[in-house]
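Listed here are the chains, written in short residue letters.
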Amino acid sequence: MAGYRRRGRAAAVAAATLVSLLPASGAAFERTWHVGANVGYATTAFADYLARGFGAGAYLSYGLTDAINLRGQLDATIVELPDPLTSALFYQGALGAEYVLDTIDWLVYAGALAGPVDVAIQDGDDLLQLGLVVPVGLNYQLSQRFAVGAEGQLRIFLLGPEGSPT
């Protein structure tokens, strides 16, 4: 019985020592601005065919908490269209929020954004519509001021005129 008491006291002392060594405050990155750029490959579904191309853009996010960011982004994408059309340019601006799960140096996030999309078909019409964007990404925090990562985006185009991509 005395052995159990000694082990219990030793465990309590060890636990108290570990708790006293923990930092007084965390190092979460809430209330900070994040600026980023992206470049990537795009596939878009029109009514009768798939179009492929490349795009680039920039984003700005603000950490409301260590788990919730507000995000705005602007980007442009060009895709090749089949004959007799040649190409289409997508211009989009979007605003929304992201949920961030940070595990020390790795940041996993997903969000939802919405905003206008202008699809400018070369030698054709401009097709205005609403775009929804779902970004999902993984970043590695190299320092408090710099991170690198990868992001995929699902984009859904809604309420466009006939001939608009989906």
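Structure report, in brief. As the structure is a prediction and not an experimental result, all values here were calculated from the model. (Residues numbered from 1 in each chain as written. Predicted model: local features only at pLDDT ≥ 70, side-chain atom pairs only at ≥ 80, totals over all residues. Heavy atoms only, no water.)

## Focus: a nonpolar patch on the surface
Put simply, the rule reads: A patch is a set of surface residues, each over 30% in relative accessible area and not in a salt bridge, joined within 9 Å for like charges and within 5 Å for the nonpolar side chains Val, Leu, Ile, Met, Phe, Trp and Tyr. Shrake-Rupley sampling with a 1.4 Å probe provides the accessible areas, and residues are treated as covered by the protein chains on show and by no other component. Any carboxyl oxygen of Asp or Glu within 4 Å of a side-chain nitrogen of Lys or Arg constitutes a salt bridge here. The helix count covers DSSP runs of H or I at least four residues long, the strand count covers runs of E at least two residues long, and both are numbered beginning at the N terminus.
Nonpolar side chains collect at one region of the surface, where Leu64, Ile68, Leu70, Tyr99, Leu101, Trp106, Val108 and Leu138 lie side by side and expose about 710 Å² of accessible area between them. Listing elements by their share of the nonpolar patch, those giving two or more residues are strand S3 (68–80), strand S4 (87–103) and strand S5 (106–121). With respect to the secondary-structure elements, Trp106 resides in strand S5.

## A closer look at the packing of aromatic side chains
This is how it is decided: Only centres within 6.5 Å qualify two rings of Phe, Tyr or Trp (six-membered ring in Trp) as a pair; their planes then separate them into stacked at under 30 degrees, edge-to-face at over 60, and tilted for everything else. Throughout, exposure labels follow a simple rule: accessible area from a 1.4 Å probe, protein chains only, divided by the maximum for the residue type, with under 20% read as buried, over 50% as exposed, and the rest as partly exposed. The rule is short: NZ of Lys or CZ of Arg within 6 Å of the ring centre and within 35 degrees of the ring normal puts a charge over the ring.
Within the structure shown, the criterion is met by six aromatic pairs. Between Trp33 and Tyr62 the ring centres are 4.8 Å apart and the planes differ by 50 degrees, which places this aromatic pair in the tilted class. Here Trp33, found in strand S1 (residues 33–45), pairs with Tyr62, found in strand S2 (residues 50–63); they are 29 residues apart in sequence, far enough to count as distant. A ring pair is formed by Phe90 and Phe157, whose centres lie 5.6 Å apart and whose planes are at 20 degrees; its orientation type is stacked. Here the residue Phe90 occupies a position in strand S4, and Phe157 occupies one in strand S7 (residues 146–158), the gap between them amounting to 67 residues. As far as the burial class goes, Phe90 and Phe157 line up, both buried. Counting every residue linked through ring pairs, the aromatic cluster contains Phe46, Tyr49, Phe90 and Phe157. Taking NZ or CZ as reference, Arg71 lies 4.5 Å from the ring centre of Tyr59, over its face.

## A few points about the pairing of strand S6 (residues 126–143)
We count it as follows: If DSSP finds at least two bridges between two strands, the strands pair.
Where S5 meets S6, 13 bridges bridge the pair, whose relative direction is antiparallel. From the neighbouring strand, Gly115 faces S6, where its bridge partner is Gly131. Here S6 runs beside S7; their pairing, made up of 13 bridges, is antiparallel. Its bridge partner being in S7, Gly131 is matched across the sheet by Phe157.

## Section: the nonpolar core
Rules: Only buried Ala, Val, Leu, Ile, Met, Phe, Trp, Tyr and Cys residues count toward a nonpolar core, and they belong to the same one when joined by side-chain atoms within 4.5 Å. Note on definitions: a residue-residue contact is assigned when non-hydrogen atoms from the two residues lie within 4.5 Å.
Counting eleven residues, the largest nonpolar core consists of Phe46, Ala51, Val79, Leu81, Ala88, Phe90, Val117, Val119, Ile121, Leu127 and Phe157. Element by element, the count of residues in this core is highest for S5, at three residues. Other than its neighbours up to four places away in sequence, Val119 contacts Ala88, Leu89, Phe90, Asp125, Asp126, Leu127, Gln129 and Pro165.

## Points about the sheet that holds S2
One key point about sheets: their strands pair by backbone hydrogen bonds, in either a parallel or an antiparallel sense. Definition in use: In this analysis an axis means a line fitted to C-alpha atoms, helices contributing only their contacting stretch, and an angle means the value between N-to-C directions, from 0 to 180 degrees.
Across the sheet, which stays open at both edges, the seven strands sit in the order S1-S2-S3-S4-S5-S6-S7 with antiparallel pairing between neighbours. Across the chains shown, the open sheet's two edge strands, defined by having one partner strand only, are S1 and S7. Taking each pair of neighbouring strands and ignoring which way they run, the sheet shows an average axis angle of 20 degrees. Note: S4 against S5, 14 bridges, orientation antiparallel. Residue pairing across strands places Tyr91 opposite Asp118, the latter belonging to S5.

## Description of the pattern of salt bridges
Summed over all chains, the structure comprises three salt bridges. The salt bridge involving Glu151 is made with Arg71; its shortest N-O contact spans 3.0 Å. Taken together, the residues Glu151 in strand S7 and Arg71 in strand S3 connect sequence positions 80 residues apart. One salt bridge connects Asp75 with Arg155, and the closest N-O pair in it is separated by 2.6 Å. Residue Asp75 is found in strand S3, and its partner Arg155 is found in strand S7; the two are separated by 80 residues along the sequence.

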